[in-house]
Amino acid sequence: MQFMLLFSRQGKLRLQKWYVPLSDKEKKKITRELVQTVLARKPKMCSFLEWRDLKIVYKRYASLYFCCAIEDQDNELITLEIIHRYVELLDKYFGSVCELDIIFNFEKAYFILDEFLLGGEVQETSKKNVLKAIEQADLLQEVRYFPRCVTPFSF
Amino acid sequence: MPAVSKGDGMRGLAVFISDIRNCKSKEAEIKRINKELANIRSKFKGDKALDGYSKKKYVCKLLFIFLLGHDIDFGHMEAVNLLSSNKYTEKQIGYLFISVLVNSNSELIRLINNAIKNDLASRNPTFMCLALHCIANVGSREMGEAFAADIPRILVAGDSMDSVKQSAALCLLRLYKASPDLVPMGEWTARVVHLLNDQHMGVVTAAVSLITCLCKKNPDDFKTCISLAVSRLSRIVSSASTDLQDYTYYFVPAPWLSVKLLRLLQCYPPPEDAAVKGRLVECLETVLNKAQEPPKSKKVQHSNAKNAILFETISLIIHYDSEPNLLVRACNQLGQFLQHRETNLRYLALESMCTLASSEFSHEAVKTHIETVINALKTERDVSVRQRAVDLLYAMCDRSNAPQIVAEMLSYLETADYSIREEIVLKVAILAEKYAVDYTWYVDTILNLIRIAGDYVSEEVWYRVIQIVINRDDVQGYAAKTVFEALQAPACHENLVKVGGYILGEFGNLIAGDPRSSPLIQFNLLHSKFHLCSVPTRALLLSTYIKFVNLFPEVKPTIQDVLRSDSQLRNADVELQQRAVEYLRLSTVASTDILATVLEEMPPFPERESSILAKLKKKKGPSTVTDLEDTKRERSVDVNGGPEPAPASTSAVSTPSPSADLLGLGAAPPAPAGPPPSSGSGGLLVDVFSDSASAVAPLAPGSEDNFARFVCKNNGVLFENQLLQIGLKSEFRQNLGRMFIFYGNKTSTQFLNFTPTLICSDDLQPHLNLQTKPVDPTVEGGAQVQQVVNIECVSDFTEAPVLSIQFRYGGTFQNVSVQLPITLNKFFQPTEMASQDFFQRWKQLSNPQQEVQNIFKAKHPMDTEVTKAKIIGFGSALLEEVDPNPANFVGAGIIHTKTTQIGCLLRLEPNLQAQMYRLTLRTSKEAVSQRLCELLSAQF
């Protein structure tokens, strides 16, 4: 996988993870182009598209789009399930995750992603093992305040 | 409203994020951010030392600001400080900041690397993982230099925790991708392969990715992974849906790992070991069988995971391309998906079928789905799916269905999305040319293209139709009539005016007998379009007019009037003005004979690869299917023997293949003397750089055998490995020769910096001139490029030139060197002579230096017909009834070099009882006798 982007229906970028070295300028350009392309697509359309020399795999969960860029030989369907497994991990960690959780706890979203995918490859697919790694960090719990959202992701 | 969250709360951060979200405008947001930046800066600069928590909070705020899209130019040092904190959450934020915002400040890199080094040595698995994640996220060369040597050790150490192994494997993968030279291969590689046997599925999952990447460059070192991967896969595939506990995903056992294992196997040819192969085929069949079982869940995740494995299995089957039964089953499975209600599956089925269409085993099976695919083109609502349908139609097209497919594509073109029109135009143009039996159909098709999608018809397409019409006289009259009719339309596309103008200028005379298309009517028709056209088209029309002056003397005055008008003679455009002046003058001063000579019909165009195909390849990148198709076809045909020369390259589209060019060898300009550009100093340069990556690789194993095979034949495959295939076609006449070298990229990844070099050693260089042009440095996956070498034999020679190829494949440098089979006997011309003459000359060459004899054991069965064919293939004439002993073979010929001609006589005496041969060569030059004897002896 070359990169993963999470953005809202309004086109706001919520998370970006790059597995290939690119300049900040190039990253911004890619993000702008892709957000536009994906948002322009209609709901029933297929989840894959060719873009430059990459394949884009995307899926919408509630108000948030998850969008991955993979290479020619990579498997589209398994990438779709990478997205889903990541959503499940977020959901399990936050409990009915919604967009606001990712905004207010963006660092956690990155940590969970790093446990699941590393260098663009799946590292650990077991939900239990991924969350075990994250929760170790939460052993020293402190209390955190943040607004709760109303529309959790639906599966 | 406040709710308790997990983890370490940073209230200040939450408040800041809330503030930003509440900003009503971009300006307000920037204002709030600047305020925050000033605050953080003052805290960092303040006298009071910040505690870890505050530092973490501020660094996290900076990170948030950066991720919003603003520049951050401070805070790095504070982040680096966090790395050495003992508190996990502080360390974690420090690493996150570094991963996202690393800059190449050398002082900082040193500090970061130091902190990483400490964590890697800490033996605390969570700290180690954080450090490894950071290296993997940054992946820079500096980090590679610092850690690439340590990570393999961590990966295979017996006491490393599973989670550390997982991170280490993928961290190493990232470093290897970025700078392969920094990762040392060694004893650890064997142990990595054995991670495929690891108890922990997560470790296996991570390790497979690493192995898949490493084995591409070192296939032999990792060969043992095949059987391990097969047995692992087999265990997963045959396990019940609950066996693997948390690694089962929606009732599908370990889908990610399965897909990765199937990908790994695609790096290799089918397993050689029959037992392993049997087990694998069983797996593949099980996956195909499972596809037919009812789903265990209605959730889309279940079917996606299951089908991900199925598609990867089909990819492997296509990769092997050797099991007709599996290929046909795969095709049937995809056929079911073509009508599935899930758009995603229809899309993938169309995509995957494209590659199946290029396999000889499944091509016919794919063709049976033509109606469904055409229907998809008409009814799919998503343009990306329609695009796939177009690709598949193109891939499944052959002579039998070309008229239907071309017609369907043309009719789709009328409503096609603008984004894919140009590509469809190119495809239609290529198919129409490739499968034209009747060239009138071809002409009609191209004119239809221009009518329907004129704006998308590129120059290449209309140039090509003109080339073909000029080269084929059976279609010229029809073409003239058809363009004439098409031009009658009140509004026709400018491209039609160009084609029409050109064709009528050449062949208008063929329809001028019909009063409805008399010369004057033709002229008036063209001229009625003149004023609506752009300058280049007008220029073309002026040339048509002067051609008319020659073809039809009766319209000369009319045309002269037009040329003479102010709008032409004084046209503001220099090109138009010049043409008008010159053509007018030419028509006035030149005699009919001179006009007829100057304005003669265009000579046929030299045949070459269709530029349209080149354009399509450029547009489509690596996924062109035609290439695969042609490469495959070439491989399956005996290039030497087939009655119809196999399409030697992608030029299958251009009417005659390059072999047509070869036949015109005599007319080719002789290769000029002087040092050939690519071979001259080659030897020297290589010496100078022999320690760099561009050094010439040792001769490829097995190339010696292939070389010998080319002594008696000119065409075939010279070299082949996992990545690259090199094919040759050559022809020689007298002391000249021409060789076509075809480089086929067998992978689906680009080759970069692809540079073949011809090297003549210092000894060889004065005797042999080789000339060639560099090839395009990028060879797309599945594509084939060709290189032409012009050869001149200056004087007799012994050594063979070396073809050395360097390229980059997936980040690694590849070197291949093979001897190029240009041998002295290639410059042989056979000489027929009677028995008496032969013996007379034989006696004349009786000086001991002139004769070389070799007695040797037969390496191949001693078959008379084969021997005869070899002697003829060697280049000499086979003289019957010369030798008194009918079992012997006698040959004669002349070696042509630029400086001299050398007569050669040979005699081969087989001894069946002893399974031996005696070969005698007599020529006027000892070195020639010696070399020819060597070359020929090796053939029997």
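Predicted, not measured: the structure shown is a model, and the values here were computed from it.

(A) Examining the overall build of chain B more closely. Each helix and strand in chain B was counted, giving 41 helices and 17 strands. For chain B, with 940 residues in total, the buried portion stands at 56%. A fraction of 69% describes how many contacts in chain B between residues 6 or more apart in sequence connect residues 24 or more apart. When the accessible surface of chain B is summed, it comes to about 40,100 Å², and 52% of that surface belongs to carbon and sulfur atoms.

(B) Expanded view of the overall build of chain A. Tallying secondary structure elements over chain A gives five helices and eight strands in all. Counting helices and strands in the order they occur from the N terminus, chain A gives β-β-α-β-β-β-α-α-α-β-β-α-β. Expressed as a percentage of its 155 residues, the buried residues of chain A come to 66%. The contacts of chain A with a sequence gap of at least 6 include a subset with a gap of at least 24, amounting to 55%. Accessible surface for chain A amounts to roughly 6,100 Å². Of this, 51% is attributable to carbon and sulfur atoms.

(C) Geometry of the interface of chain B and chain A. Across the contact, 79 residues belong to chain B and 67 residues belong to chain A. Counting the contacts that link chain B with chain A gives three salt bridges. Measuring nitrogen to oxygen at the nearest pair gives 2.9 Å for the salt bridge that ties Arg263 of chain B to Asp74 of chain A. Viewed at the interface, chain A and chain B are joined by 28 residue pairs in polar contact (both at pLDDT 80 or more).

(D) Looking closely at the environment of Asp438 of chain B. All names here are of chain B. Note that Asp438 resides in the loop between helix H23 (418-434) and helix H24 (439-453). Here the alpha-carbon distance between Asp438 and Val475, two residues 37 residues apart in the chain, equals 8.8 Å. Within the structure, the side chain of Asp438 is placed 2.7 Å from the side chain of Thr440, a separation counted as a polar contact.

(E) Examining the pairing of strand E15 (residues 889-896) of chain B more closely. All names here are of chain B. Buried residues dominate E15, accounting for seven of its eight residues. Of the strand pairs in this sheet, strand E12 (residues 828-830) and E15 are connected by three bridges, and their pairing is antiparallel. Of the residues in E15, the one forming a bridge with Pro830 is Gly893. In terms of strand pairing, strand E14 (residues 877-878) meets E15 through two bridges, oriented antiparallel. Paired with Ala877 across the bridge in E15 is Ala892. Relative to strand E16 (residues 901-911), E15 is paired through eight bridges, and the arrangement is antiparallel.

(F) Local environment of the pairing of strand E4 (residues 54-61) of chain A. All names here are of chain A. Most of E4 sits out of view: six of its eight residues are buried. Pairing between strand E3 (residues 48-51) and E4: four bridges, direction antiparallel. Pairing of Phe48 across the sheet is with Val57, part of E4. In textbook terms, the turn of a hairpin is the stretch between consecutive antiparallel strands, and for E3 and E4 this stretch comprises two residues, one of which, Arg52, has a positive phi near 50 degrees. As judged from the seven bridges shared by E4 and strand E5 (residues 64-70), these two strands associate in the antiparallel manner. Following the sheet pairing, Val57 is matched in E5 by Cys68. Between the end of E4 and the start of E5, which pair antiparallel, lie two residues, with Ala62 showing a positive phi angle near 50 degrees.

(G) Expanded view of the confidence of the model for chain B. Residues and elements named next belong to chain B. Across chain B, pLDDT averages 84, with 89% of residues at or above 70. Ranking the elements of chain B by mean pLDDT puts helix H37 (residues 682-688) last with 29 and helix H14 (residues 255-265) first with 96. In this model, residues 1-7 is a region of pLDDT below 50 whose contacts with residues beyond four sequence positions or in other chains number 25 contacts. Below pLDDT 50 for its whole length, residues 622-696 participates in 132 contacts with residues either more than four positions away or in separate chains. Complex prediction metrics read pTM 0.67 and ipTM 0.93.

(H) View of a positive patch on the surface. On the surface, Lys25, Lys28, Lys29 and Arg32 of chain A cluster together to form a positively charged patch. Assignment of secondary structure puts Lys29 of chain A in helix H1 (residues 24-39).

(I) Inspection of the sheet that holds E5 of chain A at higher detail. All names here are of chain A. As summarised here, the arrangement of the five strands in space is E2-E1-E5-E4-E3, forming an open sheet in which the pairing is antiparallel. Each edge of the open sheet carries a strand with a single partner, namely strand E2 (13-18) and E3. Averaged over neighbouring strand pairs, the angle between their axes works out to 20 degrees when direction is ignored.

(J) Representation of H14 of chain B within the structure. Among the 11 residues of H14 of chain B, 11 are classified as buried, and the element is accordingly described as predominantly covered. Listed in full, the buried residues belonging to H14 of chain B are Pro255, Trp256, Leu257, Ser258, Val259, Lys260, Leu261, Leu262, Arg263, Leu264 and Leu265 of chain B.

(K) Layout of helix H4 (residues 76-83) of chain B. Across the eight residues that make up H4 of chain B, a large majority, six, are buried. Along H4 of chain B, the residues classified as buried are His76, Glu78, Ala79, Val80, Leu82 and Leu83 of chain B.

(L) Broad picture of the nonpolar core. Ranked by size, the top nonpolar core spans 273 residues in total, and within it Tyr86 of chain A together with Ile116 of chain B carry the most contacts. Both domain 1 (44-291) and domain 2 (321-396) of chain B contribute no fewer than three residues apiece to this core. Ignoring anything within four residues of it in the chain, the contact list for Ile116 of chain B reads Tyr95, Ala131, Cys134, Ile135, Met143 and Phe147 of chain B. The next biggest cluster of nonpolar side chains, apart from the first, holds 60 residues, and it includes Met739, Ile741, Leu932 and Phe940 of chain B.

(M) Highlighting the environment of Glu115 of chain A. Residue placement: Glu115 of chain A occurs in helix H4 (residues 106-116). When the C-alpha positions of Glu115 of chain A and Ile134 of chain A are compared, they lie 7.8 Å apart, and in sequence the two are 19 residues distant. In this structure, Glu115 of chain A is in contact with Gln123, Glu124, Val130, Ala133 and Ile134 of chain A together with His133 of chain B, ignoring residues within four places of it in sequence.

(N) Examining the sheet that holds strand E9 (residues 784-793) of chain B more closely. Residue and element names in this part refer to chain B. The strand order across the open sheet formed by five strands is E4-E5-E6-E9-E8, and the pairing between neighbours is antiparallel. Looking at the sheet topology across the chains shown, the edges are occupied by strand E4 (716-720) and strand E8 (768-772). Neighbour-to-neighbour, the strand axes of this sheet turn through a mean angle of 25 degrees, independent of strand direction. Here strand E6 (residues 736-745) runs beside E9; their pairing, made up of nine bridges, is antiparallel. Paired with Leu736 across the bridge in E9 is Glu792.

Rules of the game
- Residues numbered from 1 in each chain as written.
- Chains lettered and ligands numbered in written order.
- Predicted model: local features only at pLDDT ≥ 70, side-chain atom pairs only at ≥ 80, totals over all residues.
- Heavy atoms only, no water.
- Helix = DSSP H or I, 4+ residues; strand = E, 2+ residues; numbered from the N terminus.
- Buried < 20%, exposed > 50% of the residue type's maximum accessible area, 1.4 Å probe, protein only.
- Contact = heavy atoms within 4.5 Å.
- Areas by Shrake-Rupley, 256 points an atom, 1.4 Å probe, with all protein chains shown as cover.
- Salt bridge = Lys/Arg side-chain N within 4 Å of Asp/Glu carboxyl O.
- Polar contact = N/O pair within 3.5 Å; in protein donor to acceptor, adjacent residues only side chain to side chain.
- Pairing = 2+ DSSP bridges.
- pLDDT = per-residue confidence, 0-100.
- Patch = residues over 30% accessible without salt bridge, like charges linked within 9 Å, V, L, I, M, F, W, Y side chains within 5 Å.
- Lys, Arg positive; Asp, Glu negative; His and termini not counted.
- Charge placed at Lys NZ, Arg CZ, Asp CG, Glu CD.
- Axes fitted to C-alpha atoms, helices over the stretch in contact; angles between N-to-C directions.
- Core = buried A, V, L, I, M, F, W, Y, C linked by side-chain atoms within 4.5 Å.
- Domains from an automatic or database assignment.

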